[in-house]
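Chains, contacts and geometry: an overview
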Amino acid sequence: MPSTDMVHTTPYRGRFAPSPTGPLHFGSLVAALGSWLMARLADGEWWVRIEDLDPPREVAGAADAQLRTLTGFGLVPDGPVVRQSERHALYRAALDHLLASGQAFPCRCSRSDLAATNGIHRACCRSNTARAEAAIRLRVTDGSVVTFEDFLHGFVTQDVAADVGDVVLLRADGFWAYQLAVVVDDAEQGITHIVRGADLLDSTPRQILLQRALSLPTPTYAHLPLIVDAHGAKLSKSMAALPVDGDDPLPALRLAWRALGQHPGMLDSPGSVDRVLARAMIEFAPGLIPRKPIAFAALHNGSAVQDA
Ligand code: GLU
């Protein structure tokens, strides 16, 4: 059973933060719906932020298409939609602060330099002046063990120094790292509750460490079940049926409802998407959200929870 009193905390401001790497897919819809329902249950706000800081991975027009799809699903943000690509000054200010306080440092280690330590950086192995571009990393001191209580997963502990190492904040190619931007934005936007996919559970301890380094508050977290294929692997983009259709939202909305462990059938009566969402708001029971991955194919028929 979930143990954090996540839904009765006020004020509550949640968010959905898609990366515009393609059309909105089913896994993202589950995160969008789950974060929206949690916010509604708490009588809180639900914001949307476009995480467009990685141009090589972005698809032109995808952000607008995702926003249109969300509108088709009746998931309308309660605050301004911000785009990370317009917020460089915020990330720069945070980075400058960390550099000035000695909590961040330039690093010219290459990927192959770190191969022997599985990519985990604990100390610079060389000062490679031939490599012009430096990444900037957060200095993670030995013994940096972070524990937080996730609404669904309970207490989660990670030794960030041993398991992650010094966290990249600015990439050597000049792009901001997701870890820095997400921490800065969640704080700047006053986000109190983060509901997102379990693929990011592993990133949360390093984000909390970064919040501490920047003297920022730590939000409450809930990591929703991942949607997986029949073999238990995260759905790949190539799989059919992944993009969801904002022009015909009800079938995918009902499936997303089931993926959140909610009683099938509750949303079956016909009606507009707004009526269906209104019903979902009344019926939503966060205690039913599963912790285990959800098999996409099984959502259509019997039990959806993956035993693996
Ligand atoms: N932009 C990330 C993604 O699409 C989500 C980040 C987050 O929710 O913290 O996977």
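These remarks concern the structure in this document. Everything quoted here is computed from the prediction, not taken from an experiment. (Residues numbered from 1 in each chain as written. Predicted model: local features only at pLDDT ≥ 70, side-chain atom pairs only at ≥ 80, totals over all residues. Heavy atoms only, no water.)

Quick notes on the overall build of the protein chain
Counted only if it meets this: Working definition: helices are DSSP H or I runs of at least four residues, strands are E runs of at least two. Numbering for both runs from the N terminus. A simple rule labels every residue: compare its accessible area, found with a 1.4 Å probe on the protein chains alone, to the largest value its type can have, and call it buried under 20%, exposed over 50%, or partly exposed in between. When checking whether two residues touch, look at their non-hydrogen atoms; a contact exists if any pair is within 4.5 Å. Accessibility throughout is a Shrake-Rupley quantity obtained with a 1.4 Å probe, and a residue counts as covered only by protein chains that appear here.
Each helix and strand in the protein chain was counted, giving eight helices and 12 strands. Counting across all 308 residues of the protein chain, residues that qualify as buried make up 50%. Excluding contacts between residues fewer than 6 apart, the proportion of contacts in the protein chain whose partners are at least 24 apart in sequence is 75%. Here the protein chain has roughly 14000 Å² of accessible surface; of this, 54% comes from carbon and sulfur atoms.

Remarks on the site of the ligand
Note the following rule: Here a residue counts as near a molecule or strand whenever at least one of its heavy atoms sits within 4 Å of it. For this analysis, a polar contact is any N or O atom pair within 3.5 Å, provided that within protein one partner can donate a hydrogen and the other can accept it, and provided that sequence-adjacent residues contribute only side-chain to side-chain pairs.
Close to the ligand lie Arg15, Ala17, Pro18, Ser19, Glu51, Tyr178, Val182, Arg196 and Leu200. Between the ligand and Glu51, the relevant distance is 2.6 Å, taken from a nitrogen atom to a side-chain nitrogen or oxygen of the residue. Note that an oxygen atom of the ligand is positioned 2.8 Å from one of the side-chain N or O atoms of Arg196. Protein burial of the ligand: of its 300 Å² of free accessible surface, 78% is covered by the chains.

A few points about the pattern of salt bridges
Rule in force here: A carboxyl oxygen of Asp or Glu within 4 Å of a side-chain nitrogen of Lys or Arg is what we treat as a salt bridge.
Within this structure, the stated rule accounts for 18 salt bridges. For the salt bridge of Asp186 with Arg15, the shortest nitrogen-to-oxygen distance reads 3.0 Å. A residue pair is termed long-range when its members are at least 10 positions apart, and Asp186 in helix H5 (residues 178-188) and Arg15 in strand E1 (residues 13-16) qualify at 171 residues. On the accessibility criterion, Asp186 (3% relative accessible area) is buried. Here Arg49 and Glu51 are joined by a salt bridge, their closest N and O atoms 3.0 Å apart. Among the charged side chains, a salt-bridge network with shared partners connects Arg15, Arg49, Glu51, Arg87, Asp185, Asp186 and Glu188.

Structural notes on the state of the cysteines
Heads up, the rule is: Working definition: a disulfide is two cysteine sulfur atoms within 2.5 Å of each other.
Overall, the coordinates contain zero disulfides when judged by the stated rule. Left without a disulfide partner, Cys124 is nearest to the cysteine sulfur of Cys107, which lies 3.9 Å away. Of the cysteine sulfurs around Cys125, a residue in no disulfide, the closest is that of Cys109, at 3.5 Å.

Considerations on the sheet that holds strand E4 (residues 104-107)
Where strands meet in a sheet, backbone hydrogen bonds hold them as pairs that are either parallel or antiparallel. What counts, and what does not: DSSP calls a pair of strands paired once it identifies at least 2 bridges connecting them. For helices, the fitted axis covers only the stretch in contact; all axes are lines through C-alpha atoms, and the angles between them, taken along N-to-C directions, range from 0 to 180 degrees.
Read from one edge to the other, the open sheet built from three strands follows the order E4-E5-E8, with strand pairing classed as antiparallel. The open sheet has two edge strands, E4 and strand E8 (167-170), and neither has a second partner. Between one strand and the next, the sheet's axes are offset by a mean angle of 40°, whatever the strand orientation. As paired elements, strand E5 (residues 135-138) and E8 share three bridges and run antiparallel to each other. Residue pairing across strands places Leu138 opposite Val167, the latter belonging to E8.

Function cannot be read off these values alone, since they describe shape.
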